[in-house]
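A closer look at the structure
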Amino acid sequence: MLYSLLITAFLMGLAGLPHCVTMCAAPCAVVMPHGVSGRAVLGRTLGYAVLGGVAAGAMSLVAAWSRWATALQPIWVMVLAAAFLLGLFM
């Protein structure tokens with residue numbers, strides 16, 4: 001199961017590459033007119049990885065709470081539906 005999650009995360013990262021390039025190219029060109037250094041790319045990559053891990057951990061914790069407390073299950077369903085709708089909107 002871990003391998004399928006890693007492969008999925010890798011493919012999602014590849015699919016999001018055009019978005020990242022278009023969102024970061026102009027600001028990076030303004031801030032770093034001599035080009036983006038390897039350290040900047042590595043730092044941004046690690047930052048996104050850490051924040052993604054924090055977000056995944058938070059959602060995992062909420063999912064675990066929803067299994068323990070039946071009162072949280074409707075909230076969990078609404079969070080998942082909102083995330084799905086946000087994905088469709090984007």
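Residues numbered from 1 in each chain as written. Predicted model: local features only at pLDDT ≥ 70, side-chain atom pairs only at ≥ 80, totals over all residues. Heavy atoms only, no water.

**As for the overall build of the chain**
Regarding its fold elements, the chain presents four helices and zero strands. In the chain, the order of α-helices and β-strands from amino to carboxyl end is α-α-α-α. Against the 2.2 N^0.38 benchmark of 12 Å for 90 residues, the chain shows a C-alpha radius of gyration of 17 Å, more extended than a compact globule. Taken along the three principal axes of its C-alpha coordinates, the chain extends 55 × 30 × 20 Å. Buried residues in the chain amount to 7% of all 90 residues. (Helix = DSSP H or I, 4+ residues; strand = E, 2+ residues; numbered from the N terminus. Rg over C-alpha atoms; globule rule 2.2 N^0.38 Å. Buried < 20%, exposed > 50% of the residue type's maximum accessible area, 1.4 Å probe, protein only.)

**Comments concerning the confidence of the model for the chain**
If pLDDT is low for a region, its predicted coordinates should not be looked at in detail. Here the chain averages 79 in pLDDT, and 99% of its residues register 70 or above. Between the elements of the chain, mean pLDDT differs from a low of 75, seen in helix α2 (residues 17-31), to a high of 88, seen in helix α4 (residues 73-89). (pLDDT = per-residue confidence, 0-100.)

**Some thoughts on helix α3 (residues 38-68)**
Working note: α-helix, 3.6 residues per turn, so residues spaced by three or four point in the same direction. The end-to-end C-alpha separation of α3 is 45 Å, in line with the 45 Å expected for 31 residues at 1.5 Å each. Every buried residue of α3 is listed here: Ala63, Ala64 and Ser66. Contacts made by the buried residues of α3 are with α4. (Expected span 1.5 Å × (residues − 1). Contact = heavy atoms within 4.5 Å.)

**Here's the deal with the environment of Val79**
On the secondary structure map, Val79 appears in helix α4. Between the C-alpha atom of Val79 and that of Met59, which follows or precedes it by 20 residues, the distance is 9.4 Å.

**Re the packing of α3 against α4**
Running from amino to carboxyl end, α3 crosses α4 at an angle of 145 degrees, the nearest separation of the two axes being 8 Å. Our pair here, α3 against α4, has a crossing hand that is left-handed. Residues Met59, Val62, Ala63 and Ser66 of α3 form the contact with α4, whose own contacting residues are Gln73, Trp76 and Val79. Classifying every residue of the contact of α3 with α4 by side-chain character gives five nonpolar, two polar and no charged. (Axes fitted to C-alpha atoms, helices over the stretch in contact; angles between N-to-C directions. Left-handed = near helix turned anticlockwise from the far one by under 90°. Nonpolar A, V, L, I, M, F, W, Y, C, P; charged D, E, K, R; others polar.)

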